[in-house]
Amino acid sequence: MKKLTIALVLTILVGTVGCTRSVKYQRDQEYYTRDDRYEAARGSEAADRIEKFGAPKKRIFVMPFENTTPYGRPNAGSGGVDELGLFAADELSRELRSSGRGIVPEGIASASTSRDFFVGDKVRASSLLREARKLNVTVVIIGRITKIRYRQKGDPVGLLRKRQSVAAVELEMRVYDVVDGKELYSETKLAEGSSSSMNLFSKADSDSPESRRDLIQEAIRNGSTAFSKSLARVLDKVAWEGRIAKIVNPYVYVNAGKASGIALGDILKVISPGEDVYDPVTGAAMGRARGQVKGTLEVVDYLGADGAITRVHSGGGFQEQDQVQLY
């Protein structure tokens, strides 16, 4: 009986030690697995931070919006400018400049407006992209003001009567990647502008054309702010591109520099301009074929507010209007 008891105790002790080792081993394995996953995640996050930190800013152009509403449009035959369409483009450009996510050049202009590229609900993308490439921009934005509603309500009685005014504006925006020749993003937003006032016997100028215009512009401004937040995410997906502006041996001048985020010592790939590809049946633009890599340039100095001076690093046969990308 005594021998049986000793054997039972030894069996329990061995089993306990074995279980302890198994649990410890399992925990160690889980720890190292977690550690591997953690390091992989950290590596991915670090790569994303480096990519965002090192990416040059994209050049953006916003076409004056098309205004399909009767509000704010010039009289027929007057040849005037659509003030609300121009205001919408100016406000979106201002928001983009304030965000610091891109460069909206002050000194470039186009004879075209968004109206020239909309055909119903479709866009003449090939014509739009050709125009954008003349402007040497990476992203082009067109848009429409599709609806405007203006309403007022107030107290019917009383010495001091409260009056409220609301303007609601529906805005459409479409964003195109000029480098790859494709639509990146489209969105429609409803934005509002409102005001309230206390008036003596309801006598006030709150229903004047000027007050209506101010509220409509406030709504457009609010819509532009909302659009710019959406664009911040979209711009991260666009490949940066610049161009060779001039070649004077031994230097090659590029149309992007310090303001764009180009650093001294950066290596730039030089690529021949690609060609647009069209669907053989529908004729619709499918995108842009990539050009051939000709060589590389090294940034050695800056030129003006946003230009760079480079030397040939490798390759040759470079020409003005060749594309450059960060290596």
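Predicted, not measured: the structure shown is a model, and the values here were computed from it. (Residues numbered from 1 in each chain as written. Predicted model: local features only at pLDDT ≥ 70, side-chain atom pairs only at ≥ 80, totals over all residues. Heavy atoms only, no water.)

Let's talk about the overall build of the chain
Part 1: Tallying secondary structure elements over the chain gives four helices and 16 strands in all.
Part 2: For the chain, buried positions account for 39% of its 327 residues.
Part 3: Here the contacts in the chain between residues at least 6 apart in sequence split such that 71% fall between residues at least 24 apart.
Part 4: Accessible surface for the chain amounts to roughly 19,300 Å². Of this, 53% is attributable to carbon and sulfur atoms. (Helix = DSSP H or I, 4+ residues; strand = E, 2+ residues; numbered from the N terminus. Buried < 20%, exposed > 50% of the residue type's maximum accessible area, 1.4 Å probe, protein only. Contact = heavy atoms within 4.5 Å. Areas by Shrake-Rupley, 256 points an atom, 1.4 Å probe, with all protein chains shown as cover.)

Here we look at the packing of aromatic side chains
Part 1: A full pass over the atoms with the stated rule returns zero aromatic pairs.
Part 2: Positioned above the aromatic ring of phenylalanine 118 is the side chain of arginine 144, whose terminal nitrogen or guanidinium carbon lies 4.1 Å from the ring centre. (Phe/Tyr/Trp six-rings, centres within 6.5 Å; stacked < 30°, edge-to-face > 60°. Lys NZ or Arg CZ within 6 Å of the ring centre and 35° of its normal.)

A word on the packing of helix 2 (residues 83-99) against helix 4 (residues 209-235)
The packing of two helices is summarised by the inter-axis angle and the distance between the axes.
Part 1: Two elements in contact, helix 2 and helix 4, have axes separated by 9 Å at closest approach and are oriented at 40°. Taken together, helix 2 and helix 4 sit at an angle that is classed as oblique. Helix-helix and strand crossings are classified by hand; for helix 2 and helix 4 the assignment is right-handed. Between helix 2, through Leu84, Phe87, Ala88, Glu91, Leu92, Arg94, Glu95 and Leu96, and helix 4, the contact on the second element is made entirely by Ile216, Gln217, Ile220, Arg221, Ser224, Thr225, Phe227, Ser228 and Leu231. (Axes fitted to C-alpha atoms, helices over the stretch in contact; angles between N-to-C directions. Parallel < 35°, antiparallel > 145°, perpendicular 65-115°, else oblique. Left-handed = near helix turned anticlockwise from the far one by under 90°.)

Description of helix 2
Count 3.6 residues to each turn of an α-helix, and residues three or four apart come out pointing the same way.
Part 1: Along its 17 residues, helix 2 runs 24 Å from first to last C-alpha, staying within 8% of the 24 Å computed at 1.5 Å per residue.
Part 2: Those residues of helix 2 lying buried are Leu84, Gly85, Phe87, Ala88, Ala89, Glu91, Leu92, Ser93, Glu95 and Leu96. (Expected span 1.5 Å × (residues − 1).)

A short note on the side chain of serine 272
Part 1: Tracing the sequence through the fold places serine 272 in the loop between strand 11 (267-271) and strand 12 (276-278).
Part 2: There is a polar contact of 2.9 Å between the side chain of serine 272 and the backbone nitrogen of glutamine 292.
Part 3: Beyond its immediate stretch of four places on either side in the chain, serine 272 contacts Gly291, Gln292, Lys294, Asp322 and Gln323. (Polar contact = N/O pair within 3.5 Å; in protein donor to acceptor, adjacent residues only side chain to side chain.)

Some thoughts on the pattern of salt bridges
Part 1: Scanning the entire structure with this criterion turns up 12 salt bridges.
Part 2: With a closest N to O distance of 2.7 Å, glutamate 187 and lysine 189 form a salt bridge.
Part 3: Among the salt bridges present, the one from aspartate 322 reaches lysine 294, with a minimum N-O distance of 2.8 Å. Within this pair, whereas aspartate 322 is found in the loop between strand 15 (307-315) and strand 16 (323-326), its partner lysine 294 is found in strand 14 (residues 293-303), the two being separated by 28 residues in sequence.
Part 4: On the basis of relative accessible area, lysine 294 is assigned to the partly exposed category, the value being 23%. (Salt bridge = Lys/Arg side-chain N within 4 Å of Asp/Glu carboxyl O.)

Re the environment of glutamate 192
Part 1: As for its placement among the helices and strands, glutamate 192 is situated in strand 8 (residues 182-200).
Part 2: It is 7.8 Å that separates the C-alpha atoms of glutamate 192 and glycine 223, two residues lying 31 residues apart in sequence.
Part 3: Once you skip the residues sitting within four places of it in the chain, glutamate 192 turns out to touch Val166, Ala167, Ala168, Glu218, Ala219 and Asn222.

A short note on the sheet that holds strand 11
Part 1: Ordered in space as 9-10-15-14-11-16, the six strands form a closed barrel in which the pairing is antiparallel. The sheet shows a mean angle of 45° between the axes of neighbouring strands, direction not considered.
Part 2: Pairing analysis gives four bridges linking strand 9 (residues 242-248) to strand 10 (residues 251-254), with the strands arranged antiparallel. When the bridges of strand 10 are listed, valine 248 appears paired with tyrosine 251. (Pairing = 2+ DSSP bridges.)

Some points on the nonpolar core
Part 1: The biggest cluster of nonpolar side chains holds 28 residues, and the ones touching the most others in it are Leu92, Leu96, Ile141, Ile145, Val169 and Ile220.
Part 2: Per element, the largest residue contribution to this core is seven residues, and it comes from helix 4.
Part 3: In terms of nonpolar packing, the next biggest core, distinct from the first, is built from 15 residues, Phe61, Met63, Phe117 and Tyr176 among them. (Core = buried A, V, L, I, M, F, W, Y, C linked by side-chain atoms within 4.5 Å.)

Description of the pairing of strand 16
Part 1: Alignment of strand 9 against strand 16, held across two bridges, turns out to be antiparallel. Counterpart to glycine 242 in the pairing with strand 16 is valine 324.
Part 2: When strand 11 meets strand 16, the two strands line up antiparallel, connected through four bridges. Among the inter-strand pairings, isoleucine 271 is bridged to a residue of strand 16, identified as glutamine 323.

Examining the confidence of the model for the chain
Part 1: On average, residues of the chain score 80 in pLDDT, and 74% of them are at 70 or above.
Part 2: The lowest-confidence element of the chain is helix 1 (residues 2-54), averaging 48 in pLDDT; the highest-confidence one is strand 10, averaging 96.
Part 3: Confidence over residues 46-52 falls short of pLDDT 50; this stretch has one contact with residues more than four positions distant or in other chains. (pLDDT = per-residue confidence, 0-100.)

Details of the side chain of threonine 296
Part 1: With respect to the secondary-structure elements, threonine 296 resides in strand 14.
Part 2: In contact with threonine 296, not counting residues within four places along its chain, are Ile267, Leu268, Lys269, Arg311, Val312, His313, Ser314, Phe318 and Tyr327.

Thoughts on the environment of lysine 237
Part 1: Relative to the assigned elements, lysine 237 resides in the loop between helix 4 and strand 9.
Part 2: On the accessibility criterion, lysine 237 (70% relative accessible area) is exposed.
Part 3: For the pair lysine 237 and aspartate 177, spaced 60 residues apart in sequence, the C-alpha to C-alpha distance is 9.5 Å.

Observations concerning unusual backbone geometry
Part 1: The omega torsion across asparagine 249 and proline 250 is 5°, close enough to zero to call that bond cis.
Part 2: For proline 250, the position within the fold is in the loop between strand 9 and strand 10.

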